[in-house]
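If you want the building blocks of each chain, they are given just below.
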Amino acid sequence: MDRTFQHDTNAGTALTRRPQWQALLRHAQGTGDRSLRELFAADPHRGERLAAEAAGLYLDYSKQRVGDDTLRLLRELADACGLRARIDAMFAGEPINATEGRAALHVALRAPPGERIEVDGHDVVPDVHAVLTRMAAFADQVRDGRWVGHTGQRIRTVVNIGIGGSDLGPTMAYEALRHYSQRDLAFRFVSNVDPADFLEATRDLDPAQTLFIVCSKTFTTQETLANAHAARAWCLAALHDEAAVARHFVAVSTNADGVRAFGIDPGNMFGFWDWVGGRYSMDSAIGLSTMIAIGPARFREMLAGFHAMDVHFRDAPFDRNLPVLMGLLGIWNNNFLGAATVAVLPYAQYLGRFPAYLQQLAMESNGKHVTLDGRRVEVHTGPIHWGEPGTNGQHSFYQLLHQGTRLVPCDFIGFCQPLDPGNAQHDLLMANLFAQGEALAFGKSAQQVRAEGTAEALVPHRVFEGNRPSSTILADRLTPHSLGALVALYEHSVFVQGAIWNIDSFDQWGVELGKQLAKTTEAELATAAPQLQHDSSTNALIRHYRERRGPG
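Counting starts from 1 at the beginning of each chain's written sequence and moves along it residue by residue. Totals for whole chains, interfaces and linings use every residue, but because this is a predicted model, local features are given only for residues with pLDDT of at least 70 and side-chain atom pairs only at 80 or more, for both listing and counting. The side-chain numbers reported here are obtained from all heavy atoms of the structure, hydrogens and water having been left aside.

Let us now look at the overall build of the protein chain. Counting from the N terminus, the helices are the DSSP runs of H or I reaching at least four residues and the strands are the DSSP runs of E reaching at least two. Looking only at helices and strands, the protein chain has 22 helices and 13 strands in total. It is over C-alpha atoms that the radius of gyration is taken, and the globule rule equals 2.2 Å times the number of residues to the power 0.38. Against the 2.2 N^0.38 benchmark of 24 Å for 552 residues, the protein chain shows a C-alpha radius of gyration of 25 Å, consistent with a compact globule. Over its C-alpha atoms, taken along the principal directions, the protein chain stretches across nearly 75 × 60 × 60 Å. Evaluated residue by residue, the protein chain yields a buried proportion of 55% over its 552 residues. Only protein chains enter the accessibility calculation, which uses a 1.4 Å probe; a residue whose area is less than 20% of its type maximum is buried, one above 50% is exposed, and one in between is partly exposed.

This part is about unusual backbone geometry. With an omega of 10 degrees, the peptide bond running from Gly-390 to Thr-391 counts as cis. Within the secondary structure, Thr-391 sits in the loop between β11 (384-386) and α16 (398-403). Even without being glycine, Asp-120 reaches a positive phi, approximately 55 degrees. Within the secondary structure, Asp-120 sits in the loop between β3 (118-119) and β4 (122-123). Here Asn-502, not a glycine, exhibits a phi torsion of approximately 60 degrees, which is positive. The topology assignment puts Asn-502 in the loop between α20 (480-501) and α21 (512-526).

Residues annotated in UniProt with the feature "active site" (unreviewed entry) correspond here to Glu-364, His-395 and Lys-515. The named residues occupy 152 residues along the chain; their greatest pairwise C-alpha distance, 37.1 Å, places them well apart from one another. The subset of these annotated residues that lines the largest pocket comprises Glu-364 and Lys-515. Its place among the elements puts His-395 in the loop between β11 and α16. Given a relative accessible area of 73%, His-395 falls into the exposed group. Here Lys-515 lies in helix α21. UniProt positions are given in the numbering used here, feature names are shortened, and annotations may be inferred rather than shown by experiment. Put plainly, a pocket is an open set of points on a 1 Å grid over the protein atoms alone with protein on both sides within 12 Å along at least five of seven lines, a cavity is a set where a 1.4 Å probe fits but cannot get out, and a lining residue has an atom within 4 Å of a point.

Let's shift gears to the packing of helix α1 (residues 19-30) against helix α4 (residues 68-80). In the contact formed by α1 and α4, the axes pass within 9 Å of each other and the chain directions differ by 160 degrees. Our classification of the angle between α1 and α4 gives roughly antiparallel. Classified by chirality, the crossing of α4 by α1 is left-handed. Of the residues in α4, those touching α1 at Gln-20, Trp-21, Ala-23, Leu-24 and His-27 are Asp-69, Thr-70, Leu-73, Leu-74, Glu-76, Leu-77 and Ala-80. Residues were grouped as follows: Ala, Val, Leu, Ile, Met, Phe, Trp, Tyr, Cys and Pro as nonpolar; Asp, Glu, Lys and Arg as charged; and all remaining residues, including Gly, as polar. Residues of the contact of α1 with α4, tallied by class, amount to seven nonpolar, three polar and two charged. Between N-to-C directions, angles span 0 to 180 degrees; the directions come from axes that are lines fitted to C-alpha atoms, helices contributing only their stretch in contact. Angles are sorted into four bins: roughly parallel if under 35 degrees, roughly antiparallel if over 145, roughly perpendicular if 65 to 115, and oblique for all others. We call a crossing left-handed when the near helix sits turned anticlockwise from the far one by less than a right angle, and right-handed when that turn is clockwise. Contacts are assigned to residue pairs that have any heavy atoms within 4.5 Å of one another.

What follows concerns the layout of surface pockets. Grid points are joined across faces, edges and corners, and a volume is the space filled by probe spheres set on the points. The computed volume of the largest pocket comes to approximately 1,100 Å³. Forming the walls of the largest pocket are 37 residues, and the residues nearest its centre are Thr-221, Gln-508, Val-511, Glu-512 and Lys-515. Among the elements of the structure, α7 (165-176), α9 (222-239), α15 (354-366) and α21 are those that each provide at least two residues to the lining of the largest pocket. Residue contributions to the lining of the largest pocket peak at four residues, all from α21. Classifying every residue of the lining of the largest pocket by side-chain character gives eleven nonpolar, 16 polar and ten charged. Both of domain 2 (107-297) and domain 3 (513-549) provide at least three residues apiece to the lining of the largest pocket. Roughly 490 Å³ of internal volume is contained in the second largest pocket. Where a domain begins and ends is set by an automatic assignment or by a domain database.

Hydrogen bonds along the backbone pair up the strands of a sheet, which may run parallel or antiparallel. Taken together, six strands build an open sheet; the order of strands is β1-β2-β13-β12-β10-β11 and the sheet is mixed. Every other strand in the sheet has two partners, leaving β1 (51-54) and β11 as the edge strands with one partner each. Strand-to-strand, the axes of this sheet are offset by a mean angle of 15 degrees, without reference to chain direction. The rule for pairing is simple: two strands pair if DSSP sees at least two bridges between them. Pairing analysis gives six bridges linking strand β12 (residues 410-415) to strand β13 (residues 470-475), with the strands arranged parallel. Residue pairing in the sheet places Gly-414 in a bridge with Leu-474 of β13.

Quick look at the packing of aromatic side chains now. Two aromatic rings from Phe, Tyr or Trp, using only the six-membered ring of Trp, form a pair when their centres are within 6.5 Å; if the ring planes differ by under 30 degrees the pair is stacked, by over 60 it is edge-to-face, and anything between is tilted. Under the defined criterion, the tally for this structure stands at 23 aromatic pairs. When the ring of Phe-354 is compared with that of Tyr-357, the centres are 6.4 Å apart and the planes differ by 20 degrees; the resulting orientation is stacked. Taken as a pair, Phe-354 and Tyr-357 lie in helix α15 at a separation of three residues, close to a single helical turn. An aromatic cluster is built from Phe-198, Phe-212, Phe-219, Trp-234, Phe-249 and Phe-262, whose rings are joined through pairwise contacts. Over the face of the ring belonging to Phe-40 we find Arg-46, whose NZ or CZ atom lies 5.4 Å from the ring centre. Above the ring of Trp-147, the side-chain terminus of Arg-247 is found at 3.9 Å from the ring centroid. Whether a charge sits over a ring depends on NZ of Lys or CZ of Arg being within 6 Å of the ring centre and within 35 degrees of the ring normal.

Confidence scores here are pLDDT values: one per residue, from the predictor, ranging 0 to 100. When pLDDT is averaged across the protein chain, the result is 95; 97% of the residues are at 70 or more. Under a pLDDT of 50 for its full length, residues 1-12 has, in the predicted model, 24 contacts with residues more than four places off or in other chains.

In structure tokens:
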């Protein structure tokens, strides 16, 4: 079978030469002076009308700098770029990861039993649920104390060792769902090859009560294996028996030989598949630490939230399709309004790691410079994602959002109900969320500032121009279901943008070169008199480091 994805036959047409793109350019030039104040004044029901709801999430995009014509033109661009065919191809298990000849079928990870999703004619849903069943059995053993360490003591701390998607997803999910976690178990996460990460994560732990989950599909990831071997040495230094490894380590991998050589029983290896990209894997076996923390039932609730958004994305018309709307608004802001970044601002402390999670999801997916057919892209792809929880960010970088010279579209995320009912501070939190979106949109004019009695010399400093676009996403409560739906919403909106740009959102060749060069440099750092053949800057840096690094 030809494993090259057969994308839209018109995909080779340069994006900027498409009539739909040109129409959007003209539209942007013709409506550039139209402000959000004017848009709301012209349509008293805009706030109710430019909103959509699905999978328990409510999206208000009325504060985006778009009108009905803008949205229509964006949908026409999506149609011209074959977005519907791309969506269908993904759900059908076609190899849309063209440069690696693979499917990108993370939607199968949360498909319910009985649904059929095929890769090369094989239904993968039973395979997914077989792994979930094994994960659940193991998680229950750890949670209820049946899984004990080498000395017979109960496990009290679970340490996840991974990097990239094998760390960002589990870390974010644990922090987001900490309210639901089993409180007599502690969870730590180690990713950085900097030894300080491992040392600080384990400084106060008892090896006899610690379980490590080593997450590496190939069991060859350099940083993960370095930390795994550090954990192994730390464990054996206290327990003095190689047999202890099998009671204190499990693996999420597909490399049974490598796992066995490490000392882990392959029976305690939980696998996943090459059609699961790392940044799309938090709901696979990579989420084992999440399942142990919140329990199998709540993990399945999270999968149900993912699936609800998957079904909505697959079936809903584009004008009411949340991921499509968010993706197209991202295209508009990035390519037609010149916004190079997106601020993700969750008004929920539990979502403190969500912006970091989205950095990988969005920037590793769409930070690409060539199209599917290898041609240089003609427009900017992959806006930079960043952010912090509110209200902390308000006392940090919101100054730039409101009065800076750069346009930064914002995604506000909030929840209508607190996890501890009756806490009045939640109203204060949400009042700030709503106020920030309003202030960004409408600002404060010089006339309003003067009416407050402000000295004329200070008027320019206190003017807020407004017209800064934002979207607001609300859910009733932060639950496993709503988290799954929220992550899937962003997964699919990233996919939509990649489809418009005609790039491969599922490979990540850009991370390879630095890793390859690091292997050479690592060998040079360990050699007594290396023959350095880098550029003069790198050579000088290596010499400087070698002279000053001290004893090994």
